[in-house]
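Close look at the chain arrangement
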Amino acid sequence: MSTFKAPKGTYDLIPPFSAQYLAVRDAIAAPLRTSGYGYVETPGFEDVNLFARGVGESTDIVSKEMYAFETKGGDKLALRPEGTASVLRAALEASLHKQGNLPVKLWYSGSYYRYERPQKGRYRHFSQVGAEAIGAEDPALDAELIILADQAYRSLGLRNFRILLNSLGDKECRPVYREALQGFLRGLDLDDDTRRRIEINPLRVLDDKREAVQKQLVGAPLLRDYLCDACKAYHEEVRALITSAGVVFEDDAKLVRGLDYYTRTTFEFVHDGLGSQSAVGGGGRYDGLSEMIGGPALPSVGWALGVDRTVLALEAEGIELDIPAATSVFAVPLGDEARRVLFGVVTELRKAGVATDFSFGAKGLKGHMKNANRSGARYAIVAGERDLAEGVVQLKDMESGEQQAVALDGLVEAVRTRLA
Ligand code: HAM
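Note that residues are indexed from 1 along each chain, following the sequence as it is written. Local features in this predicted model are restricted to residues whose pLDDT is 70 or higher, and side-chain atom pairs enter the listing and the counts only when it is 80 or higher, whereas totals over whole chains, interfaces and linings include all residues. Side-chain calculation: all heavy atoms of the structure are included, whereas hydrogens and water are not.

Here we look at the overall build of the chain
Here a strand is any run of E in DSSP of at least two residues, a helix any run of H or I of at least four, and the numbering for each starts at the N terminus. The helix and strand tally for the chain stands at 16 helices and 16 strands. With the C-alpha coordinates of the chain rotated into their principal frame, the extents come out at 90 × 50 × 45 Å. Intrachain contacts of the chain at a sequence separation of at least 6 include 69% that bridge at least 24 residues. With an accessible surface of roughly 20900 Å², the chain has 50% of that area assigned to carbon and sulfur atoms. Taking the average location of the 52 positive side-chain charges in the chain and that of its 59 negative ones, the two points are 4 Å from each other. Two residues qualify as a contact provided that any one of their heavy atoms is within 4.5 Å of a heavy atom in the partner residue. The accessible surface values rely on the Shrake-Rupley method and a 1.4 Å probe; as for residues, cover is taken only from the protein chains in view. Here the positive residues are Lys and Arg and the negative ones are Asp and Glu; neither His nor the chain ends is included. Charged side chains are reduced to one point each, which is NZ for Lys, CZ for Arg, CG for Asp and CD for Glu.

Some words on the side chain of Thr327
By the element assignment, Thr327 lies in the loop between helix 12 (307–316) and strand 12 (329–333). Burial classes: relative accessible area under 20% of the type maximum marks a residue as buried, over 50% as exposed, and values in between as partly exposed (1.4 Å probe, protein chains only). Overall, Thr327 belongs to the buried group, its relative accessible area being 13%. With residues up to four places along the chain from it excluded, the contact list for Thr327 reads Ala355, Thr356, Asp357, Ser375, Gly376, Ala377 and Arg378.

Some words on the UniProt feature "binding site: L-histidine" (unreviewed entry) in the chain
UniProt positions are given in the numbering used here, feature names are shortened, and annotations may be inferred rather than shown by experiment. Under the UniProt annotation, the feature "binding site: L-histidine" (unreviewed entry) is placed at Glu82, Gly83, Thr84, Arg114, Gln128, Glu132, Arg257, Tyr261 and Tyr262. For the largest cavity, the lining residues among the annotations just cited are Gly83. Non-local contacts of Arg257, meaning those with residues more than four positions away in its chain, are made with Arg204, Tyr262, Thr266, Phe267, Glu268, Gly282 and Gly283. Assignment of secondary structure puts Tyr262 in the loop between strand 8 (250–251) and strand 9 (263–271). With sequence-adjacent residues up to four places away left out, Tyr262 is seen in contact with Leu168, Arg174, Arg257, Gly283, Gly284 and Arg285. Polar contacts, as counted here, are pairs of nitrogen or oxygen atoms within 3.5 Å of one another; within protein the pair requires one atom able to donate a hydrogen and one able to accept it, and residues that are adjacent in sequence qualify only if both atoms are side-chain atoms. A polar side-chain atom of Tyr262 sits 3.0 Å from a polar atom in the side chain of Arg257. Using a grid of 1 Å spacing that covers the protein atoms alone, one calls a set of points a cavity when a 1.4 Å probe fits there but cannot get out, and a pocket when the set is open and has protein on both sides within 12 Å along at least five of seven lines; lining residues are those with an atom within 4 Å of a point.

Considering the nonpolar core
Note on soluble globular proteins: their nonpolar side chains tend to be buried together. Ranked by internal contacts, the top residues of the largest apolar core, which has 48 residues, are Phe51 and Ile134. Excluding residues within four positions of it along the chain, Phe51 makes contact with Glu46, Gly56, Val62, Met66, Ala78, Leu79, Arg80, Pro81, Glu82, Ala85 and Ser86. Among the buried residues, those of types Ala, Val, Leu, Ile, Met, Phe, Trp, Tyr and Cys that are joined through side-chain atoms within 4.5 Å form a nonpolar core. Membership of the second largest hydrophobic core comes to 44 residues, among which are Leu141, Ala143, Ile146 and Ala149.

Some thoughts on the site of the ligand
In these notes, residues near a molecule or strand are those with any non-hydrogen atom within 4 Å of it. Taken together, 27 residues are adjacent to the ligand, and Glu82, Glu116, Tyr123, Glu132 and Tyr262 come closest. Here a nitrogen atom of the ligand sits 2.8 Å away from a polar atom, N or O, in the main chain of Tyr123. Within the contact set of the ligand, a nitrogen atom lies 3.4 Å away from a backbone nitrogen or oxygen of Gly302. Listed by contribution, the elements that provide at least two residues to the shell around the ligand are strand 6 (125–134), strand 10 (279–285) and strand 11 (300–306). Among the elements that take part in the shell around the ligand, strand 10 stands out by supplying six residues, more than any other. Amino acids outside the nonpolar list (Ala, Val, Leu, Ile, Met, Phe, Trp, Tyr, Cys, Pro) and the charged list (Asp, Glu, Lys, Arg) are all regarded as polar, and Gly is one of them. A per-class count over the shell around the ligand returns 11 nonpolar, nine polar and seven charged.

Considering the domain arrangement of the chain
All the domain ranges listed were derived from an automatic or database domain assignment. By the assigned domains, the chain splits into domain 1 (17–173 + 227–316) and domain 2 (329–419). Centre-to-centre, using C-alpha coordinates, domain 1 lies 47 Å away from domain 2.

Here's the deal with unusual backbone geometry
Between Pro15 and Pro16 the backbone carries a cis peptide bond, its omega angle lying at 5 degrees. Within the fold, Pro16 resides in the segment before helix 1 (17–33). In this model, Leu102 is joined to Pro103 through a cis peptide bond whose omega is 10 degrees. Mapping Pro103 onto the fold places it in the loop between helix 4 (84–93) and strand 5 (104–113). Unlike most non-glycine residues, Arg264 shows phi in positive territory, near 50 degrees. As for its placement among the helices and strands, Arg264 is situated in strand 9.

Let's talk about the UniProt feature "domain: Aminoacyl-transfer RNA synthetases class-II family profile" (unreviewed entry) in the chain
Mapped onto the present numbering, the UniProt feature "domain: Aminoacyl-transfer RNA synthetases class-II family profile" (unreviewed entry) falls at residues 32–324. Across residues 32–324, the secondary structure splits into 36% helix and 22% strand, with the terminal C-alpha atoms separated by 23 Å.

Next comes the structure, spelled out in structure tokens:
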């Protein structure tokens, strides 16, 4: 072991477990890639003010959890705690919204950083796959995103997740509700911190996990009862579209999210086998974010699914993804001459698109075959001096144990035929 360990709240992805991660990322991205979303990648850090303005100064993410730092050149940056603000910044910077029809649909995958108290499912470095549809106010877009996330989870075999859905209203109706909620909250018996929160971000108080607070919140005014007609109609349309796609959801009038940019549609995917860190993904509409970061009005909607928690959800449901072995063919040279020849064969097979590995380093047939077994390859190519003198190699079927001499000059074709 080295003197160093992965920093607190982080962990390494190591084979073979890491293959599950890649498969989860691919499964989440797959429905996006076939639904018109283009891949976007942004830097791991941004101007700190992008998040302060976008995500919200008073949110825990910005006020407590951000890895903010000043560079030697005096730039104030932060490791990205989430992807939406960055993706919108990138889209605006590249003027994607001016280059064709709206919405601009983008997907991304990467690492995010929050200085949180680590526990199972909550890390300081974690991974998300996300999608953002920028520049259109259309309930079908909100519905599309929810349906695609549902499809991604189902393709992984997940069943014990629920979709919670709410509307947070817009700039017309939310302020009226906010005031009503503040009036209610000011009358409760709450600590100083929470009292401060009532003035800055009262909706977050609804999300307080403490029982003593939750008890007092019974009877709090609900945003649902304050939605303006436009927001109500929009929300009903989203609900109808998701329902007709056969996607089951629960209305959750108390769902508020930890980021300030949300308007109207908000949703969360929760998994019931994960304990307190049950949110495997979340998202919603953020119609005002573009203007908040200096852009034009671009109503938008998106989500991000947590890869770490999705992997934990698979574990909780006892699902093992069927990941095919990375290697199809494993070459075992017996002797120096065979080493040189088989190394060439490996290169040829790889060029022909066959996933091939070579027994490096091992000594003796036993050691080589151990390597071959560990690789999970379907076939082993074994060759010694005598085989080569006859212009053949031994092609061994690792499942049946059967072995056959195959001419060296027809090997690539022979292997491809068998694998097909
Ligand atoms: P979020 O709800 O903050 O939303 O994060 C989305 C998902 O990332 C969570 O549901 C969770 O699975 C995962 N996640 C968040 N924090 C951690 C952590 N500390 N450890 C492990 N996993 C974590 C957003 O980030 C928004 N940008 C989503 C969005 C996109 N809204 C609109 N577009």
